[in-house]
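Coordinates in review
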Number of protein chains: 2
Amino acid sequence: MFVIEVYDVNEKRVAKVLKISRKYLYWVQNSVLEGEISEANYKKLKMELKRIINTSEDSVIFYTFRTTRYSQRESIGIVKGGESNIY
Amino acid sequence: MFVIEVYDVNEKRVAKVLKISRKYLYWVQNSVLEGEISEANYKKLKMELKRIINTSEDSVIFYTFRTTRYSQRESIGIVKGGESNIY
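No experiment lies behind these values; they were computed from the predicted model shown.

**Some remarks on the packing of aromatic side chains**
Residues and elements named next belong to chain A. Inspection of every chain in the model, using the stated rule, returns five aromatic pairs over all chains. Aromatic side chains F2 and F65 sit 6.5 Å apart centroid to centroid with 35° between the ring planes, which places their arrangement in the tilted category. Separated by 63 residues along the polypeptide, F2 in strand β1 (residues 2-8) and F65 in strand β4 (residues 59-65) bring together distant segments of the chain. We note that F2, like F65, is buried. Between Y42 and F62, the aromatic rings sit 5.4 Å apart at their centres with planes inclined by 85°, giving edge-to-face as the arrangement. Residue Y42 is found in helix α2 (residues 39-52), and its partner F62 is found in strand β4; the two are separated by 20 residues along the sequence.

This is the structure we're talking about:
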C-alpha cells in the first residue's frame, strides 16, 4: 500500500522521527514522507514512532491508500525532497 | 475531488499561505490541510498561492484524489487540527 506521513513533533524529537521514518519511506518535504510500504512494515513504523514520540505533545498522521491509481501529486514552488517513483 | 495540501514556506509567508488555504480546505496539523474541493476552486487556490509564495524558496505540494474510497487516515499522538468529515 501507499502511505503519506506528516509529522508535527517537538524539535527535540524531529531528528529521531525523521531517522525512523526514512527507513521505510522517502522524504518529500519539511515534515512529509511518502512511499510504498507493506502492512508489516507499516505496523513496525508506527510501533517505532510510538516509542519515540510524546503522545501528549507530538502528532503523526498517516494517510494510507490501497491504490494510487486515482491520485496525483502536484507541486508549486521548489522541490525540496527526493521524489518517489510512484507518480 | 479530495485534496491534501502540505506546505513548507518561509515563516514570513506562513500566515498568508495558511489564510488562503483555509478558505478552501480544513487545517489538520502543522503545515497540512485537507478537504473536498471543486476543480474550479482548486485552480483558484493554486493561483492565489502562486501569487504569494517565493517559488525559489517555498514549496507547496498537493495530493489530489478522485475518490477517498480506498483511503484511510490514522493518527498517533495528539490531534491538533480540525477534522474534516471525509473519514
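Continuing now.
**Structural notes on the sheet that holds β1(A)**
Pairing in this open sheet of five strands is antiparallel, and the strands run β2(A)-β3(A)-β1(A)-β4(A)-β5(B) from one edge to the other. Each edge of the open sheet is held by one strand with a lone partner, namely β2 (26-29) of chain A together with β5 (71-77) of chain B. Averaged over all neighbouring strand pairs, the angle between strand axes comes to 25°, with direction disregarded. Relative to β5(B), β4(A) runs antiparallel, the two sharing seven bridges. Bridge pairing in β5(B) links A:T64 to B:Q72. Packing against the sheet, helix α1 (residues 11-24) of chain A makes contact with β1, β2 and β3 (32-36) of chain A, and its axis sits at approximately 175° to β1(A). The sheet contacts of α2(A) involve β1 and β4 of chain A together with β5 of chain B, and relative to β4(A) the element is tilted by about 175°.

**A word on the UniProt feature "binding site: Mg(2+)" (unreviewed entry) in chain A**
All names here are of chain A. Annotation from UniProt places "binding site: Mg(2+)" (unreviewed entry) at D8. Structurally, the position occupied by D8 is in strand β1. With a relative accessible area of 15%, D8 lands in the buried category.

**Quick word on the pairing of β3(A)**
Residue and element names in this part refer to chain A. Summarising burial for β3: four of the five residues are buried, a large majority. Sheet analysis places β2 next to β3, joined by three bridges and oriented antiparallel. Bridge pairing links Q29 to V32 in β3. Two successive antiparallel strands, β2 and β3, enclose a turn made up of two residues, where N30 displays a positive phi of approximately 35°.

**Some points on the packing of α1(A) against α2(A)**
All names here are of chain A. In the contact formed by α1 and α2, the axes pass within 10 Å of each other and the chain directions differ by 170°. One element, α1, and the other, α2, form an angle in the roughly antiparallel class. Side by side, α1 and α2 meet where R13, K16, V17, I20, S21, K23 and Y24 of the first sit next to N41, K44, L45, E48, L49 and I52 of the second. Among the residues making up the contact of α1 with α2, the classes are represented as six nonpolar, two polar and five charged.

**Examining the relation of the copies chain B and chain A**
Superposing chain B onto chain A takes a rotation of 180° combined with a translation of 0.0 Å along the rotation axis, leaving an RMSD of 0.0 Å. A rotation of that kind, with that shift, is consistent with a two-fold axis.

**Considering the interface of chain B and chain A**
Opposite the 39 residues of chain B that make contact, chain A presents 39 residues. Carbon and sulfur atoms supply 55% of the area that chain B and chain A bury against each other, a total of about 3600 Å² over both sides. At the boundary of chain B with chain A, the tally comes to two salt bridges. The closest approach of N and O atoms between A:E74 and B:K46, which form a salt bridge, is 2.8 Å. For the pair chain B and chain A, the interface holds 17 residue pairs in polar contact (both at pLDDT 80 or more). Counting only elements with at least two residues in the side of chain B that touches chain A, the list comes to β1 (2-8), β2 (26-29), β3 (32-36), α2 (39-52), β4 (59-65) and β5 of chain B. Split by residue class, the side of chain B that touches chain A holds 17 nonpolar, twelve polar and ten charged.

Criteria and thresholds
Throughout, a residue's number is its position along its own chain's written sequence, starting from 1. Each chain is given a letter, starting from A, and each ligand a number, starting from 1, according to the order in which they appear as written. A pLDDT threshold of at least 70 governs which residues receive local features in this predicted model, and a stricter bar of 80 or more applies before side-chain atom pairs are shown or counted, although totals over entire chains, interfaces and linings include all residues. No hydrogens and no water enter the side-chain calculation; it runs on all heavy atoms of the structure. Each Phe, Tyr or Trp ring, with Trp reduced to its six-membered ring, pairs with another whose centre is within 6.5 Å; inter-plane angles below 30 degrees give stacked pairs, above 60 give edge-to-face pairs, and intermediate values give tilted ones. Numbering of helices and strands runs from the N terminus; a helix is a DSSP stretch of H or I covering at least four residues, while a strand is a stretch of E covering at least two. Categorising residues by exposure relies on relative accessible area from a 1.4 Å probe, with only protein chains included: less than 20% of the type maximum marks a residue as buried, more than 50% marks it as exposed, and the intermediate range marks it as partly exposed. Only strands that DSSP links by at least two bridges are regarded as paired with each other. Where helices are involved, their axes are fitted lines through C-alpha atoms of the stretch in contact, as for all axes, and angles between N-to-C directions lie from 0 to 180°. The contact rule is simple, with two residues in contact once any of their heavy atoms fall within 4.5 Å. UniProt positions are given in the numbering used here, feature names are shortened, and annotations may be inferred rather than shown by experiment. Any angle that is under 35 degrees is reported as roughly parallel, and any over 145 degrees as roughly antiparallel; angles of 65 to 115 degrees are reported as roughly perpendicular and all others as oblique. Classes in brief: Ala, Val, Leu, Ile, Met, Phe, Trp, Tyr, Cys and Pro nonpolar; Asp, Glu, Lys and Arg charged; the others, Gly included, polar. Copy-to-copy alignment: least squares on C-alpha atoms, limited to residues at pLDDT 70 or above in both. The term buried area means the drop in 1.4 Å probe accessible area that two parts suffer when joined, counted for both and summed. The term salt bridge refers to a pairing of a side-chain nitrogen on Lys or Arg with a carboxyl oxygen on Asp or Glu at a separation within 4 Å. Under this definition, polar contacts are N or O atom pairs within 3.5 Å; protein pairs additionally need one hydrogen-donor-capable and one acceptor-capable atom, and for neighbouring residues in sequence, both atoms have to be side-chain atoms.

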